[in-house]
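# Survey of secondary and tertiary structure
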Amino acid sequence: MSLDPSHTQTPHLGLFVSGLCKSYGPVQVLADASFEVRPGEVVALLGENGAGKSTVSNIIAGSTKPDAGSITWRGKPYSPASPAEAIDAGVGMIHQELKLLPDLSVAENVYVGRLLMRGGRIDRAAMNAQASAQLRRLGLDVSPERKVRTLRIAAQQQVEIAKALTLNAELLIFDEPTAALGSEETELLFKQIRKLKAEGMSFIYISHRLDEIAEIADRVVVMRDGRIVARHERADIPVRTVVEQMVGRSVERMFPPLSEPGSETLLEVENLSSPERSFQNVSFSVRTGEILGIAGLIGAGRTELVRAIAGADPISSGSVRVAGKPVHLNGPAAAIKAGVVLVPEDRKAQGVVLDQTIGENLAIGNFDHVAPNGWVFPRAVQKFAEAGIGRLGVKGRPNQAISKLSGGNQQKVIIAKWISRPPKVFILDEPTRGIDVGARAAIYDVIADLARSGMAVVVVSSDLEEVLGLSHRVLVLSRGRQRGILDRSEASNVAVMELATS
Amino acid sequence: MAVSNGASELKAGPNAQAAAGAKLSALFAGTMGPLIGLVLLCLALSLTTDTFLTVRNILNVLDQVTVLGIMAIGMTLVILIGGIDLSVGSVLALAAMVMGFVAHPDYLNLGMPAGIVTALVVAGLCGLVSGLLVTVTKLPPFIATLAMMSVARGLANMITDGSQIIGFPDWFTSLSIIRHFGFLSVTVGLMIVLAIIFAIFLNYRATGRSLYAIGGSAEVARLSGIPVKSLTNWVYAICGVLAGLAGIVLAARLDSVQPSSGFGYELDTIAAVVIGGASLSGGVGSIGGTAIGVLIIGVLRNGLNLLGVSPFIQQVVIGVVIALAVATDTWRRRTQ
C-alpha cells in the first residue's frame, strides 16, 4: 500500500482524479480524494456506506459537481456538467438500481434518447441489428425486441452495459453490480469485464463483496469518512486488512461466542411447499437457544421460505408447529400471535415506516401491548419505546424520526419492536444488508443474545461468513430444494457452496 | 404522552411554559403552516370588511362548511391510508335521493327515521364496495372510486328519473336552521362532535394509529400483524357513511334533494384535506389539519363574497391557495 502522491506521476491516457472535495452544508463528504485509473485496468473502490465512494463516482459520471479539485481524462481536463457530457466524453456509470424503462424493448432502451432515424422515421431494423450485435459482444443471446420487464435482473444489467458500449464508453463505473446477481451471473459479468478490459476499457468497481475484489480488480483504493485511506497496487490483499482500513480500527471479534442450545424443540417445519414452487418439501426444526442459518444462492427460495413461516406469503402444503402447537399460516397476525416474528429482508420497504418516529415504529404491531384497552397514550408509547431502545442500545430517542437513524440502528429498532412480546421464534432475513461493516458486530451480538434468552433463531443471509459465524447449524437451499443441514463443525465455505450449487 | 414527548425536546425554559408550548404544538403538529394561513386570512378580512368579524357571519361560515366538513372527515381517513375517494359527491347525492324516496309522502312515505337510516346504509355500502374493489380486486383507489362515482350518480338519477324531491318535515329542516343556545344548529354541532370523535380516534385509539402505519407503508403494517385489508374496507365504508350524512345535512339545509347535488364536491373535499397538511401518498395528516383546511376554504369563499368578488375569480383564488398551501408544505418538508 502507498499513500505517496508520486503514484499520479506515471503518464498515461487514463483518468487522473486529484484533490476532489465536496461538502453538503457543514458535512464534508469528500476530502482531497486523488487516484488514477489506467487504461485497461479495474480499480476497486472500497469503503463503508457514507465513505464517499458514491460521491466520487457521481462526480466522475457528471451527476454531482465537486467544490474543489480537478480531473484529467485521456490527457485533457475533464469537468462534466451533466451525465450527458460525461457520456459524450466516454464515461458511463451502471447504477445499482438499474435505470431502464421496463416497458420498452431492449433495443429501445439501448438507444433511448438517440433513437436511430431514417427518413424521419425510427429505423427499428438498424436499431435491433446494432443492439443485438452489442449484446452478442457481451455473450448474451436476447431478442432486441423483448420488453426489458421480462428479463431477469442479470440480463437487464447486460442491457445497461450494452447501452454504455454503443455510447463508446471507455470508462465504466459499476456501483455494486453483483448485489442482485447469483454466482453464475457474477461469473459471466466478470468474464465480460475481463474481455472489455483486454480491449482497453477502464473500470471503477464499487462493491461490498470483498471476496470478489481479489478476483476482478487490479488495484484497490480504500475510502473512509470521505478520504482515501489506502491504495493497494495489488488486489489480493487479506480481507481482514481491507476491513480494518475501511472501519479504521482493528476488527477483533466479528462474531460473538454462541451459547449451548437447549433441548426443547421450539419450531418444527414439515414438508413446507410454496404455491409458486419457490421452495418445496422443506423440513427442519430449531431448538430453544439455537440459531439456524439458511444459506443458498440468490433465488434459492430462502426469503420465500422464511416469509411463509412468518405468515407473510401463502403456502400450498406442509405444516409449521411452534412449541408443539400447529400454526395456522393465514397471515402475519396469526404467526405473530403464535410467537413467530420476522425481521424482513428489505428494511426500508418492509421494516420501518420512514415517515414516523422511532417510538411510533416500535408501537406498530404492539398496540395490544402498548394499549391493552385500545387506548394509545403517547406516554405509554414513550415508555414502551424507551424500554426497547434501552434494551438494544439504539442510538436515538423515541420522538426522533426513524429516517435519521443509520441502517444498523434502524435494524435494531425493528428487532426491538418484537423483543418485548417475547417471541418464541425470531426470524431475521439479511439482518446486516446495507449496514456498515463496523455496525454489523453489534447486530451479531443482538442475534446471539436472542438465542441466549431462549428463543429459536433463524438467520437468512447471502453473506456466507455471516451464516457460518452465527449459526449452530446451517440449512442449505438450492433451487427451492433443501440440500442438507450442516452442523457447525462440518459447515465450511466449501461444504455449503457445494450444496448450494448442487 | 405528547406533553412529555415535546418537553424532552426543549432544553431550556421554565417547565410549565415548555409543557404548554409542547401541548399546543402537539395539538397542531404538522398543521402550523395552514393554521398561520387561516389566522392571516381572518386578520386580512377583518381589516378589509366591516362584516367579516361579526358573530352572525362567523356562524354563517360554520353553517356553510358543514357539508364539506363532514365529508372531509371521511376523506381524511381515506387519504391517511394512502387512498383517495372520488365518489363522495355522487354518494352524497345518492344518499339524499334514497332518503327522499323512502321518507317523502309522494314516494314510499316510510317516515324520516327510516329514510335517514336507509340512506346511511346505502352510502356505507357504496363505500364498502369501493373498499372491496381496492382490497380484493386490487384496483387502484383512483379507478375504483372513479367507477363508484359514476355508478352512484347514475343510481341517484334512476330513483326519480332525474327529478328532485321537495319538502321535508319542519323538524328536519330546522336541524340546520334553529340555533340552540343562541349559536349552535344541530348540523354544525354534529360536524363538531364528529370531528372531535374522529380526532380522538386517530390520535389515541390503536386502530386509528394503525391507519397511520398503513399509510406510511402498507407492507410494514401487514408484516406487523395489522389487518390492512379489513381496515381499508372499513375506512372506505366510513367515508361513504359520512358522505351520506353530508347528503342528509344538505337536504336539511335546502329542504329538497336532487340527483345532481354534490357535483364536484369530491374535489373540494380533497382540497380541504390537502390544504390541511395531509400527504396524498398517505401516512401524514390529521383531523385538526383538515378542520383548518375546511375553514380556509369556507372563510375564503365567505370573505370573497363579502368583498363582492365574482364567483369566477373565487375559483381562481381557491386554485391558487391549494397550490400555495401544498407548495409551502413541500418546501418546508424538504428543508427540515
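A quick note: this is a predicted structure, and the numbers were derived from the prediction, not measured. (Residues numbered from 1 in each chain as written. Chains lettered and ligands numbered in written order. Predicted model: local features only at pLDDT ≥ 70, side-chain atom pairs only at ≥ 80, totals over all residues.)

## A short note on the overall build of chain A
Applicable threshold: A run of DSSP states H or I qualifies as a helix once it reaches four residues; a run of E qualifies as a strand once it reaches two. Both are numbered from the N-terminal end. Note that the radius of gyration is over C-alpha atoms, with the globule rule given as 2.2 Å times the number of residues to the power 0.38. Put simply, a residue is buried when 20 or more other C-beta atoms lie within 10 Å of its own C-beta and exposed when 12 or fewer do; between those, it is partly exposed, and each C-beta is set from the backbone. Any residue pair is listed as a contact if its two C-beta atoms, each placed from the backbone, are within 7 Å.
The number of helices and strands found in chain A is 18 helices and 22 strands. Taking 23 Å as the expected radius of gyration for a compact globule of 502 residues, we find that chain A reaches 25 Å, a close match to that expectation. Along the first, second and third principal axes, the C-alpha atoms of chain A reach 70 × 50 × 50 Å. Relative to its full complement of 502 residues, chain A shows a buried share of 47%. Once local pairs closer than 6 in sequence are excluded, the contacts in chain A between residues at least 24 apart make up 66%.

## Details of the sheet that holds strand β12 (residues 227-232) of chain A
Residues and elements named next belong to chain A. We count it as follows: By the convention used here, strands pair only if DSSP detects at least 2 bridges between them. Only the contacting stretch of a helix is used when fitting its axis, a line to C-alpha atoms as for every element, and angles between N-to-C directions run 0 to 180 degrees.
Strand order across the open sheet formed by six strands is β6-β9-β10-β3-β11-β12, with mixed pairing between neighbours. The two strands at the open ends of the sheet, each matched to only one other strand, are β6 (91-94) and β12. Sheet twist, expressed as the mean angle between neighbouring strand axes with direction ignored, is 20°. Pairing of β6 with strand β9 (residues 171-175) involves four bridges; the strand directions are parallel. Looking at the pairing, M93 lines up with I173 of β9. Each of β3 (42-46), β6, β9, β10 (202-206) and β11 (219-224) touches helix α1 (residues 53-60); the most contacted strand, β9, lies at about 150° to it.

## Considering the UniProt feature "transmembrane region" (unreviewed entry) in chain B
Condition: UniProt positions are given in the numbering used here, feature names are shortened, and annotations may be inferred rather than shown by experiment.
Taking the numbering used here, the UniProt-annotated feature "transmembrane region" (unreviewed entry) corresponds to residues 24-47, 86-103, 115-136, 142-160, 181-202, 234-252, 273-300 and 312-331 of chain B. For residues 86-103 of chain B, helix accounts for 89% and strand for 0%, while the C-alpha atoms at its two ends are 27 Å apart.

## Some points on the interface of chain A and chain B
For the record, the criterion: As a working rule, the residues Ala, Val, Leu, Ile, Met, Phe, Trp, Tyr, Cys and Pro are called nonpolar, Asp, Glu, Lys and Arg charged, and the rest polar, with Gly in that last group.
If you look at the interface, chain A gives 26 residues, while chain B gives 24 residues. Those elements that place two or more of their residues in the side of chain A that touches chain B are α10 (332-338), α11 (347-351) and α14 (378-392) of chain A. Looking at the side of chain A that touches chain B residue by residue, the class counts come to 17 nonpolar, seven polar and two charged.

## Some details on the pairing of strand β19 (residues 425-429) of chain A
All names here are of chain A. Test applied: Viewed with both strands pointing away, a crossover whose connecting path from the first strand over the helix to the second turns clockwise is right-handed.
Among the five residues of β19, five are classified as buried, and the element is accordingly described as predominantly covered. Both faces of β19 are covered, namely the face carrying V425, I427 and D429 and the face carrying F426 and L428. As defined by bridge partners, strand β18 (residues 340-343) adjoins β19 across four bridges and the pair is classed as parallel. Directly across from L342, in β19, lies its bridge partner I427. Two elements, β19 and strand β20 (residues 456-460), share five bridges in a ladder whose sense is parallel. Each residue of the ladder has a partner; that of L428, found in β20, is V459. As for the winding sense of the linkage, the β-α-β connection from β19 through helix α16 (residues 437-452) to β20 is right-handed.

## What about the environment of N305 of chain B?
Looking at the element boundaries, N305 of chain B is found in helix α14 (residues 287-306). Sequence-wise, N305 of chain B and K138 of chain B are 167 residues apart; in three dimensions their C-alpha atoms are separated by 44 Å.

## Quick look at helix α15 (residues 407-419) of chain A
Residue and element names in this part refer to chain A. Going by this rule: A helix's residues, less one, multiplied by 1.5 Å, set its expected span.
Under the 1.5 Å per step criterion, the end-to-end length of α15 is 18 Å for 13 residues, consistent within 8% with the ideal 18 Å. Most of α15 sits inside the fold, with twelve of its 13 residues counted as buried. Along α15, the residues classified as buried are G408, N409, Q410, Q411, K412, V413, I414, I415, A416, K417, W418 and I419. If you follow the buried residues of α15, they end up packed against β18, α11, α12 (358-363), α14, β19 and α16.

## A closer look at the UniProt feature "domain: ABC transporter" (unreviewed entry) in chain A
According to UniProt, the feature "domain: ABC transporter" (unreviewed entry) maps to residues 15-250 and 264-499 of chain A in the numbering used here. What you have in residues 264-499 of chain A is 37% helix and 23% strand, and the ends, taken at the C-alpha atoms, are 28 Å apart.

## So, the nonpolar core
How we decide: Under the definition applied here, buried Ala, Val, Leu, Ile, Met, Phe, Trp, Tyr and Cys residues are grouped into a nonpolar core through C-beta atoms within 7 Å. Where each domain starts and ends comes from a domain assignment, either automatic or drawn from a database.
Within the largest apolar cluster, 180 residues are counted, with the highest numbers of intra-cluster contacts made by I427 of chain A together with M71 and A95 of chain B. Considering every element that reaches this core, the biggest residue donor is helix α12 (residues 228-254) of chain B, with 17 residues. Looking at which domains feed residues into this core, each of domain 2 (253-339 + 423-502) and domain 3 (351-420) of chain A gives three or more. Here A95 of chain B is in contact with A119, L120, V122, A123, A243, G244, G247 and I248 of chain B, once residues within four sequence places are set aside.

## As for the domain arrangement of chain A
Here the domain parsing of chain A yields domain 1 (5-247), domain 2 (253-339 + 423-502) and domain 3 (351-420). Taken over C-alpha atoms, the centre of domain 1 of chain A sits 39 Å from the centre of domain 3 of chain A.

## With respect to the sheet that holds strand β22 (residues 481-487) of chain A
All names here are of chain A. Strand order in the open sheet formed by six strands is β18-β19-β20-β15-β21-β22, with mixed pairing between adjacent strands. Two strands bound the open sheet, and with one partner strand each, they are β18 and β22. On average, each strand axis in the sheet is inclined to that of its neighbour by 20°, with strand direction left out of account. Contacts from helix α18 (residues 493-500) reach β15 (291-295), β21 (473-478) and β22 within the one sheet, and its direction differs from that of β21 by about 30°.

## Remarks on the environment of I322 of chain B
Residues and elements named next belong to chain B. Structurally, I322 can be placed in helix α15 (residues 311-335). Residues I322 and I297, 25 residues apart in the sequence, show an inter-C-alpha distance of 9.4 Å. Not counting residues up to four positions away in its chain, the partners in contact with I322 are A271, V274 and I275.

## Re unusual backbone geometry
All names here are of chain A. A cis amide bond links R421 with the next residue in sequence, P422, at an omega value of -20°. Looking at the element boundaries, P422 is found in the loop between α15 and β19. At E176, a residue that is not glycine, the phi angle is positive and equals roughly 45°. Positionally, E176 belongs in the loop between β9 and α6 (183-198). E176 gets classed as partly exposed once you count the C-beta atoms within 10 Å, which come to 19.

## A few points about the packing of helix α10 (residues 206-216) of chain B against α12 of chain B
Residue and element names in this part refer to chain B. Heads up, the condition is: Oblique is the label for any angle not under 35 degrees, not over 145, and not in the 65 to 115 range, which are roughly parallel, roughly antiparallel and roughly perpendicular in turn.
Put simply, α10 and α12 touch, their axes get as near as 11 Å, and they point 105° apart. Considering their axes alone, α10 and α12 lie roughly perpendicular with respect to each other. Counted together, S210, L211 and I214 of α10 and V228, L231 and V235 of α12 form the full contact between these two elements. For the contact of α10 with α12, the class distribution of residues is five nonpolar, one polar and no charged.

## Looking at the pairing of β12 of chain A
All names here are of chain A. With five bridges joining them, β11 and β12 adopt antiparallel strand pairing. Within β12, the position partnered with M223 by the bridge is I228. Counting the residues between successive antiparallel strands, the hairpin from β11 to β12 contains two residues, one of them, D225, with a positive phi of roughly 50°.

## A closer look at the confidence of the model for chain B
All names here are of chain B. We apply this condition: Known as pLDDT, the predictor's per-residue confidence is scaled from 0 to 100.
Residues at a pLDDT of 70 or more form 90% of chain B, whose mean pLDDT is 89. This stretch, residues 1-26, has a pLDDT under 50; its non-local contacts, to residues over four places away or in other chains, come to 25 contacts. Both confidence scores are given for the complex: pTM 0.79, ipTM 0.83.

## A few points about helix α4 (residues 124-137) of chain A
All names here are of chain A. Quick note on the threshold: Arc definition: it is the arc formed by the directions from the helix axis to the C-beta atoms.
Its 14 residues place the ends of α4 20 Å apart at the C-alpha level, agreeing with the 20 Å of an ideal helix rising 1.5 Å per residue. For α4, the full list of buried residues reads M127, N128, A131, S132, Q134 and L135. One side of α4 holds all its buried residues, which, seen down the axis, span an arc of 155°. Of the exposed residues in α4, those oriented more than 90 degrees away from the buried face are A125 and R136. Among the structural elements, α3 (106-110) and α5 (153-166) are those in contact with the buried residues of α4.

## Notes on the confidence of the model for chain A
With 96% of its residues at a pLDDT of at least 70, chain A reaches an overall mean of 88. Here residues 1-9 of chain A is modelled with pLDDT under 50, and outside its nearest four sequence neighbours on either side it reaches 13 contacts, counting other chains as well.

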